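If you want the building blocks of each chain, they are given just below.
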Amino acid sequence: MHLTHINVYLVMLSLCISVLTSYLALFFVGKSTESKTQKVSKICIGGIGFGLGIWAMHFIAMTAMHVSFQYDWFMTLLSLLIAILASSLSFYKLFNTPNKMPAILLSCSLLSAGIISMHYLGIYAIKFKGIMIFNWFYVVLSIVIAFIICFAALNIFYLFKKGSSILLINKWTSAVLMGLSIASMHFISMMGIAFHPDPSAAYEINPVEHSLFLLIVVLVTSFIIISSLLLAGYENKVMREAAKWGEERYQSLFLHNPDAIFTFDLEGRFMTINPAGEALTGYKAEEIIGQSFAPLIAEEDLEKTYSHFQKCLSGESQEYKVWAISKDNRRVYVNVKNTPIIMGDQIIGAYSICSDITELYTTQQALKEKQSLYQSILTTMSDGLVVIDTEGKMLLANEKAAAMVNYDYEDFQKTTPLSPSWQLIREDGSCYLPEEKPIYQTLKTGKAFYRQNIGVKLSDENGSENILWISANTAPLVMDGVLKGVVVTYRDISKEKKQEDTLKVSNEIMSTLIENLQFGVLEEDENRNILLANEECFKIFGSSASPKDFYGMNIKDLSGHIMRFFPEKINVKKQTETIIHNKKMVTDEILLNNSRLIRRTYIPIFSNELYKGHFWKIEDITEERKLEESLYIAKEEAEKANRAKSEFLSKMSHELRTPLNAILGFAQILEYDSEEPLTFQQNQKVQEILQGGRHLLHLINEVLDLSSIESGHTAFQFEHAVFEELLEQSLALVQKQADEMNVTLEIIELPEIPIILNVDTTRFQQILINLLTNAIKYNRKNGNVSLAACKKDQYVTLAVKDTGQGIPAHDLPHIFEPFYRGSDVKGRIEGTGVGLSIAKMMTEKMGGEMSVASEAGRGSTFTITFPFTEDFVFPRTKEMKKGTYRFSSRKVLYIEDSASNTALMYQVLKNIPGIELFTSKTAGEGILLAKSLLPDIIMLDLHMPDMNGLEVFRILKKTGSTRFIPVIAVSAAAMESDVEQALSSGFADYVTKPIDINQVMEVLYKHLEASFVSQ
């Protein structure tokens, strides 16, 4: 039997039941946004309603067939239960699965399975005697169509769900599609079923049972239709009331909202503005609607505003802060919240709420500046700062506080100075008990403590302990009259403490030193109160009182005690007041009544240019003055003896040189006479005369040199010179003597780099020549003199070694004594015993040292050591010209009382071309001759019988016609002091007697113009 005849009205009723049932379910499911319990209950109600609906639709559709069926009640109720469970589970999964597509697929699968299960269980519940044949094509088609349409319905329902509400159109669309899916599945499935009754079986239907079943179906159907209509009406009413209430609420919020509210179109133009917005911008609604928001935004924030507006139009709500410009150009800082305006699925503009936070911003900025200022103060403070609450917990600390006690800043904030680990000690070394700490005392009593010097025991990385000394202040932190904690500041005074301890030790040392001084000390402040004094000060005045008894006492209170020692004729008080008033260092001497002589020195005390007090140094110089007087007398006697010695040496030198001048002078004339040359024998005798005379002259010169050096009158002309050059020059000067003695001179060692000495080159060569001549003179025939020089550090050492007989050991300690000669050479070798003494003295005067080492029979080694310099560069010198001088006609006046000396000078100058000699025997005659003759040069003997040579010189220099004529001193006075006196008086040069012909010629060449003829 095929179902070809059906009741169309019942079919339509079944379809309506499907749609209304779907709407009923979606109504409850769409409202499931409350608590979890309410949500589950409404999902269950929706599931039961939907299960009942599809169950009723199924049986109404079965009734629409022109066939009456009888059903198995158990299977029928089971199909209803499955429909309800499947529907409830499907809706639960739909709204409790986070991902949209998996939720729809899972819900659609559950719902389709429930509908199909209910349908075929309902078919199976038919009590049919016969065969039902299923067309599986229609069966599968019904399942597929049911799934597809159900998927579409749920997708529409879910897709357009906005927040917790679902639009009415979406609910009805989804309900129609779901109703169609149920009906389509049912009727397509029924098209695929063929009923073949058993002809032999009696097919009877129980009218009562059938009627009851139909009654149930009718009741369920009526319930669904009535509920759906009532719910639809109710929802419509609720929606209208909600819309009305929402509009009123929006208008109220819009118009009366204290914040500015704007709506913008997609171009950023104003669409609406509330009164608060008008007050914020200064524009009326009619002035601003349709205008862009850009002119109301500060230029620096315009790009930022555009960026946030575009993000809002893309669907993202935005919140940001910008500077707005009002109509009167007032800058307003606003907090902006932008929300997109969505109509359907389109964004049509933006909803903006703006709050004026200018005052808040200003307050916050001021607070930030204060916080920054406070933080800067805390950071830059040189002192550590800590704030502790009443429980000992640290509330605030700066980094300096942590660094000072070797703590990391974060670790420091976790500790507390009240902790037992903080070991604090007093200046006397005792430890603070916890309850004795100033912080604890301030917390306990509310009393502040200032400048508490406290030691903090610290441990370094190596575990060794040291003490940090701090000066701490504690003050109570009181708020609203309640003690909230304590503020602690402290600074590192370890350096000051160390200085204080050092100063204390220094003061103790100073006090001990002052007490043991051999002179009196008295210190007063600016008001003349005694600050310091020592016992010696009071002993000088005959007092045995302790100085400390007078500390703090004004000096005026002691004046009576002290004044009795001063003579009445001296107004000491007035003198003292004058000294103090002048505020300058003064030293004076006063003879006391007890014949003691005291010296007092006043020193004003200043600090930072402010006058702070007085310091007196009082000395009893009675014995010192007696000693000075005795020393002065001794000095006068010594100087008198020295003058007598000098006068004797000068006189002796003059008396010896005068005859020597004739002896050596005429001997040189004979030696150099080319007109009447000497015979060989005569020349030998003249050489003996010269040798003897020169020896005597050498002896005189050495005695004078020794005297000059001993008295300290020898002047040294220091200059830089090359050591090697001085050595070579000295060797050249003694080479002839070495050749005569068959002694070999050799240099065995010299430094690789030239040595620069700063010496008097003449005196240095004199030292070298003395050592070399001695090494030659005291050597043996065919002997050897070796020289070795080396440098060490900043000194150069020269050793002069000979191969002579050596110096006996008993003579070595005396070898540098003046006039000392070894016992083995007296009378055997010519000498005076003065040369080595002079050489050693000159060596020491130039900063060097001289020593000797000798071994009898093996020779002697004399060593000299001089400092050298490495940073001196010699200036470039001009090349010396070679040639001879020729004089044009020149007049020379020689004033000399000795006829022999005059004759000698005549012999010296007679053969020199261009020189004409004039002589005078007296000073007076010489002065007149100089005025009339006007010579080119005057040679003046300093010891004339009628007038002293210096007086003659002064007369010549005062005379206009002779004042510019160079005057050469000629004298037998050869002491260095005589030469210096003459040259300092203005003499052009000085020639000593006996004269050296070569020296005379050099002086004339020097002071007379001569033509130079190159060789």
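Predicted model, so just to flag it, every value in this text is computed and none were measured. (Residues numbered from 1 in each chain as written. Predicted model: local features only at pLDDT ≥ 70, side-chain atom pairs only at ≥ 80, totals over all residues. Heavy atoms only, no water.)

1. Remarks on the packing of aromatic side chains
Point 1. This model, assessed by the stated rule, comprises 15 aromatic pairs.
Point 2. For the ring pair F264 and F293, a centre distance of 5.7 Å and an interplane angle of 85° mean the geometry is edge-to-face. Placement of F264 in strand 5 (residues 260–264) and of F293 in the loop between helix 9 (285–288) and helix 10 (299–313) is noted, with a sequence separation of 29 residues between them. Taken as a pair, F264 and F293 share a single burial class, namely buried.
Point 3. Here the aromatic cluster, defined as three or more aromatic residues joined through ring pairs, consists of F262, F264, F270, F293, Y306 and F309. (Phe/Tyr/Trp six-rings, centres within 6.5 Å; stacked < 30°, edge-to-face > 60°. Helix = DSSP H or I, 4+ residues; strand = E, 2+ residues; numbered from the N terminus. Buried < 20%, exposed > 50% of the residue type's maximum accessible area, 1.4 Å probe, protein only.)

2. Thoughts on the sheet that holds strand 30 (residues 915–920)
Point 1. Here 5 strands make up an open sheet; going across it, the order is 30-29-31-32-33 and the pairing parallel. Only two strands of the sheet have a single partner each, and these edge strands are strand 30 and strand 33 (989–992). Looking at each pair of strands side by side, their axes are set apart by 20° on average, direction ignored.
Point 2. Two elements, strand 29 (residues 890–895) and strand 30, share 6 bridges in a ladder whose sense is parallel. Bridge pairing links Y894 to T919 in strand 30.
Point 3. Here helix 24 (residues 899–909) sits on the sheet in contact with strand 29, strand 30 and strand 31 (937–941), set at roughly 175° to strand 30.
Point 4. Across the sheet, helix 25 (residues 923–933) lies against strand 29, strand 30 and strand 31, angled at about 165° from strand 29, the strand it touches most. (Pairing = 2+ DSSP bridges. Axes fitted to C-alpha atoms, helices over the stretch in contact; angles between N-to-C directions. Contact = heavy atoms within 4.5 Å.)

3. Let's talk about the pattern of salt bridges
Point 1. A full pass over the atoms with the stated rule returns 20 salt bridges.
Point 2. Among the ionic pairs, E496 bridges to R491, the shortest N-O distance being 3.7 Å.
Point 3. We classify E496 as partly exposed; its relative accessible area is 38%.
Point 4. Between E624 and R599 there is a salt bridge; the shortest N-O distance is 3.6 Å. Here R599 lies in strand 19 (residues 597–607) and E624 lies in helix 19 (residues 622–672), a separation of 25 residues in the sequence.
Point 5. Using a relative accessible area of 34% as the deciding quantity, one classes E624 as partly exposed.
Point 6. Relative accessible area serves as the criterion here: at 15%, R599 is assigned to the buried category.
Point 7. Via salt bridges that share partners, E589, R599, K617, E619, E624, R625 and E628 belong to a single interconnected network. (Salt bridge = Lys/Arg side-chain N within 4 Å of Asp/Glu carboxyl O.)

4. Examining the confidence of the model for the chain
Point 1. Looking at the chain, the pLDDT average stands at 77 and 75% of residues meet or exceed 70.
Point 2. Taken as a whole, residues 1011–1015 scores under 50 in pLDDT and shows 17 contacts with residues more than four places along the chain or in a different chain. (pLDDT = per-residue confidence, 0-100.)

5. Some remarks on a nonpolar patch on the surface
Point 1. A grouping of V140, V144 and I148 is seen on the molecular surface, where their side chains present a nonpolar patch of about 250 Å² in accessible area.
Point 2. Take V140: it is sitting in helix 5 (residues 136–159). (Patch = residues over 30% accessible without salt bridge, like charges linked within 9 Å, V, L, I, M, F, W, Y side chains within 5 Å. Areas by Shrake-Rupley, 256 points an atom, 1.4 Å probe, with all protein chains shown as cover.)

6. Considerations on the sheet that holds strand 15 (residues 482–492)
Point 1. Judged by pairing direction, the sheet is antiparallel, and its 6 strands sit side by side in the order 11-10-15-14-13-12 without closing on themselves. This sheet does not close on itself; its edge strands, each paired only once, are strand 11 (394–397) and strand 12 (424–425).
Point 2. Of the pairings in the sheet, the one linking strand 10 (residues 384–389) to strand 11 comprises 3 bridges and is antiparallel in character. Across the sheet, residue V387 finds its bridge partner in strand 11, namely L396.
Point 3. Its contacts with the sheet place helix 14 (residues 438–445) against strand 10, strand 13 (449–459), strand 14 (465–479) and strand 15, and it is angled at close to 160° to strand 15.

7. Quick look at unusual backbone geometry
A negative phi holds for most residues other than glycine; trans holds for most peptide bonds.
Point 1. Cis geometry marks the peptide bond from K993 to P994; its omega dihedral reads -5°.
Point 2. With respect to the helices, strands and loops of the structure, P994 is situated in the loop between strand 33 and helix 28 (997–1007).
Point 3. Phi is positive for D480, close to 55°, though the residue is something other than glycine.
Point 4. Along the chain, the position of D480 falls in the loop between strand 14 and strand 15.
Point 5. Classification of D480 as exposed rests on a relative accessible area of 84%.
Point 6. The residue R528 is not glycine, and still its phi comes out positive at about 70°.
Point 7. Mapped onto the elements of the fold, R528 is located in the loop between strand 16 (520–525) and strand 17 (530–533).

8. Re the packing of helix 25 against helix 26 (residues 949–958)
Point 1. Relative to each other, helix 25 and helix 26 sit at 20°, their axes nearing to 11 Å. Classed by the angle they form, the pair helix 25 and helix 26 counts as roughly parallel. As helix 25 runs across helix 26, the sense of the crossing is right-handed. Taken together, the residues of helix 26 that come into contact with helix 25 (itself represented by A923, I927 and A930) are V952, I955 and L956. (Parallel < 35°, antiparallel > 145°, perpendicular 65-115°, else oblique. Left-handed = near helix turned anticlockwise from the far one by under 90°.)

9. Considering the UniProt feature "modified residue: 4-aspartylphosphate" (unreviewed entry) in the chain
Point 1. The sites that UniProt annotates as "modified residue: 4-aspartylphosphate" (unreviewed entry) are D941.
Point 2. Relative to the helices and strands, D941 is located in strand 31.
Point 3. Residue D941 is classed as buried on the basis of its relative accessible area, which comes to 2%.
Point 4. Setting aside chain neighbours within four positions, we find D941 in contact with I895, E896, D897, G949, V970, S971 and K993. (UniProt positions renumbered as here; feature names shortened; annotations may be inferred.)

10. Regarding the packing of helix 22 (residues 761–777) against helix 23 (residues 835–845)
Point 1. Interhelical geometry of helix 22 versus helix 23 gives an angle of 145° and a closest axis separation of 9 Å. For the pair helix 22 and helix 23, the crossing hand works out as left-handed. Along its contact with helix 22, which presents R763, Q766, I767, N770, L771 and N774, the element helix 23 presents G835, L836, I838, A839, M842 and T843.
Point 2. Looking at the contact of helix 22 with helix 23, its residues break down into 6 nonpolar, 5 polar and 1 charged. (Nonpolar A, V, L, I, M, F, W, Y, C, P; charged D, E, K, R; others polar.)

11. A short note on empty space enclosed by the protein
Space left empty within the atom packing is revealed by a probe, the size of a water molecule, rolled over the atoms.
Point 1. Tallied over the full model, the rule gives 3 cavities of 30 Å³ or more.
Point 2. Forming the walls of the largest cavity are 21 residues, and the residues nearest its centre are F262, F264, F293, I297 and C354.
Point 3. For the lining of the largest cavity, the elements supplying multiple residues, two or more each, are strand 5, helix 8 (275–281), helix 10, strand 7 (318–325), strand 8 (331–343) and strand 9 (346–356).
Point 4. Looking at side-chain class alone, the lining of the largest cavity contains 16 nonpolar, 5 polar and no charged residues.
Point 5. As a volume, the second largest cavity reaches approximately 150 Å³.
Point 6. What lines the second largest cavity is a set of 13 residues, among which P417, L424, I439, I470 and V488 lie closest to the centre.
Point 7. Those elements giving two or more residues to the lining of the second largest cavity turn out to be helix 14, strand 13, strand 14 and strand 15.
Point 8. Of the residues forming the lining of the second largest cavity, the biggest block, 3 residues, is contributed by strand 14.
Point 9. Classifying every residue of the lining of the second largest cavity by side-chain character gives 12 nonpolar, 1 polar and no charged. (1 Å grid on protein atoms, 1.4 Å probe; cavity = no way out; pocket = protein on both sides within 12 Å on 5 of 7 lines; lining within 4 Å. Points joined across faces, edges and corners; volume = space filled by probe spheres on them.)

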